[in-house]
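For reference, the chains in residue letters:
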Amino acid sequence: MTDREKILIALREKPLKTFEVMKRVNIKNQDDCQSLLLKMRDEGAVKFDIHKGHWRAA
């Protein structure tokens, strides 16, 4: 299972902050996690709530 699939599964359960996503998916580098989340956001797979700071599945 890829990191992208793991992120989508985790975010379908509940919205998470970046650090919580890192712990759930087991990504060690925060920059890698953020760049992957931003790439997924550009593709429309995830959304970011700027007011709460949570990522969620689209």
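Just so it is clear, the model here is predicted, and its values are computed rather than measured. (Residues numbered from 1 in each chain as written. Predicted model: local features only at pLDDT ≥ 70, side-chain atom pairs only at ≥ 80, totals over all residues. Heavy atoms only, no water.)

Caption draft 1: Looking closely at the environment of D42. Within the element layout of this structure, D42 appears in helix α3 (residues 30-43). With relative accessibility at 63%, the residue D42 sits in the exposed group. Along the primary structure D42 and T2 are separated by 40 residues, whereas in three dimensions their C-alpha atoms are 18 Å apart. (Helix = DSSP H or I, 4+ residues; strand = E, 2+ residues; numbered from the N terminus. Buried < 20%, exposed > 50% of the residue type's maximum accessible area, 1.4 Å probe, protein only.)

Caption draft 2: Layout of the pattern of salt bridges. Following the criterion strictly, the structure yields three salt bridges and no others. One salt bridge connects E43 with R4, and the closest N-O pair in it is separated by 2.2 Å. Here the residue E43 occupies a position in helix α3, and R4 occupies one in helix α1 (residues 3-13), the gap between them amounting to 39 residues. Judged by its relative accessible area of 28%, R4 is partly exposed. Among the ionic pairs, E13 bridges to R24, the shortest N-O distance being 2.5 Å. Within this pair, whereas E13 is found in helix α1, its partner R24 is found in helix α2 (residues 18-25), the two being separated by 11 residues in sequence. Here E13 falls in the exposed class, since its relative accessible area comes to 55%. (Salt bridge = Lys/Arg side-chain N within 4 Å of Asp/Glu carboxyl O.)

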